[in-house]
Amino acid sequence: MWLTDKASEAGLTQLAEWGAKRIVLAEDAAFAPYRGEVWTPVLAELVQKESPQAVFGAVTTRQREVMARLAARLGAGISADSVALAVEDGKLVATRPVYAGKLLSKVTWAKSPWLATLRPNVFRPADPQAGATPTVDKAVATPPGAAMSLVERREESATGLPELAEAEIVVSGGRGLKGPENFVILESLAKVIGAAVGASRAAVDAGWRPHRFQIGQTGRTISPKLYLGFGISGAIQHLAGMRTSKVICAINKDPEAPIFKIADYGIVGDLFEVAPLLEKEFKKLLEK
């Protein structure tokens, strides 16, 4: 299902190449800017009409909200932040973190539709199908009037680095960086290895980085192939946002820092010495 204020041939082609054989398109100017109270009734109507067995969304700020609203509207169950899916005895079983990521819980649904949000970088995308063409069914949608109106829109400046939730490598900094000016050390390293830069809640609360870079239970959830944490102690709420990273490397002066308990690799040392050394070594490896 694609809800948009203005569809494009390029967008439809992209969806087809990603594997969509049929696209239900709802096009209306009211869908932009996004507002949950406008999208949800239309989505609910389409789901009731199409009767899908499952509805999936990505773990993004927008889809977390609209999928929760949709579940409430339909009286359906939702598995939020799912990290695995399997079919057992004809039923979908989802695996999701609980207790701030300390445990993994398996859940299933009492009835369809099965609703779930899927954590990025956990599910391998299908190979692109070049030249694929979808069947497009245009839905007759009448969005309700918005309960809120847009007063101001601010575009945040681009960093030139990969987007945090989608990055395969993430470099993250915490209180150990001692100030916002020192994030340039991590940005320099990130540019060498093509990484995104994140931050702990402590760094964000101190005003060193905008909230959109926060990793953790009250921030972004990530699952990169490699996570490098500099000066981060490893509070439970932070671990909840990055625990499913494939490889975790922690750099901290405190050998008793909790993050070392979940790290695959640990460096006990001063990040201001370690980060430049790592950057130098990565440059050598990438030049070969």
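Preceding block: the structure.
To start, this report covers the structure provided alongside it. Since this is a predicted model, take the numbers as computed values, not measurements.

## Digging into the layout of surface pockets
- Taken as a whole, the largest pocket encloses approximately 1900 Å³ of empty space.
- Lining the largest pocket are 47 residues, and of these Trp 18, Phe 56, Gly 57, Ala 58 and Gln 63 sit closest to its centre.
- For the lining of the largest pocket, the elements supplying multiple residues, two or more each, are strand 1 (2–4), strand 2 (22–27), helix 2 (36–50), strand 3 (54–58) and helix 3 (61–74).
- Of the residues assigned to the lining of the largest pocket, the class counts are 31 nonpolar, 6 polar and 10 charged.

## Structural notes on the sheet that holds strand 4 (residues 78–82)
- In space, the 3 strands of this open sheet follow the order 3-8-4, with parallel pairing throughout. Where the open sheet ends on each side, the last strands, each with one partner, are strand 3 and strand 4. If you compare each strand with its neighbour and ignore which way they point, the axes differ by 15 degrees on average.
- In this structure, strand 4 lies alongside strand 8 (residues 114–118), joined through 3 bridges in parallel fashion. Its bridge partner lying in strand 8, Ser 79 is registered against Ala 116.
- Packing against the sheet, helix 3 makes contact with strand 3, strand 4 and strand 8, and its axis sits at approximately 155 degrees to strand 3.

## Some thoughts on the packing of aromatic side chains
- By the definition in use, this model includes 3 aromatic pairs.
- Ring geometry for Tyr 34 versus Trp 39: centroids 5.0 Å apart, planes at 85 degrees, classification edge-to-face.
- Plain terms: the ring middles of Trp 109 and Trp 114 are 6.4 Å apart, the flat faces sit at 35 degrees to each other, and that makes the pair tilted.
- Residue classification places Trp 109 among the buried residues on the basis of a relative accessible area of 6%.
- By relative accessible area, Trp 114 is classed as buried at 12%.
- Taken together, the aromatic side chains of Phe 31, Tyr 34 and Trp 39 make up a single cluster linked through ring pairs.
- Taking NZ or CZ as reference, Arg 209 lies 4.8 Å from the ring centre of Phe 213, over its face.

About the cut-offs
Residues numbered from 1 in each chain as written. Predicted model: local features only at pLDDT ≥ 70, side-chain atom pairs only at ≥ 80, totals over all residues. Heavy atoms only, no water. 1 Å grid on protein atoms, 1.4 Å probe; cavity = no way out; pocket = protein on both sides within 12 Å on 5 of 7 lines; lining within 4 Å. Points joined across faces, edges and corners; volume = space filled by probe spheres on them. Helix = DSSP H or I, 4+ residues; strand = E, 2+ residues; numbered from the N terminus. Nonpolar A, V, L, I, M, F, W, Y, C, P; charged D, E, K, R; others polar. Pairing = 2+ DSSP bridges. Axes fitted to C-alpha atoms, helices over the stretch in contact; angles between N-to-C directions. Contact = heavy atoms within 4.5 Å. Phe/Tyr/Trp six-rings, centres within 6.5 Å; stacked < 30°, edge-to-face > 60°. Buried < 20%, exposed > 50% of the residue type's maximum accessible area, 1.4 Å probe, protein only. Lys NZ or Arg CZ within 6 Å of the ring centre and 35° of its normal.

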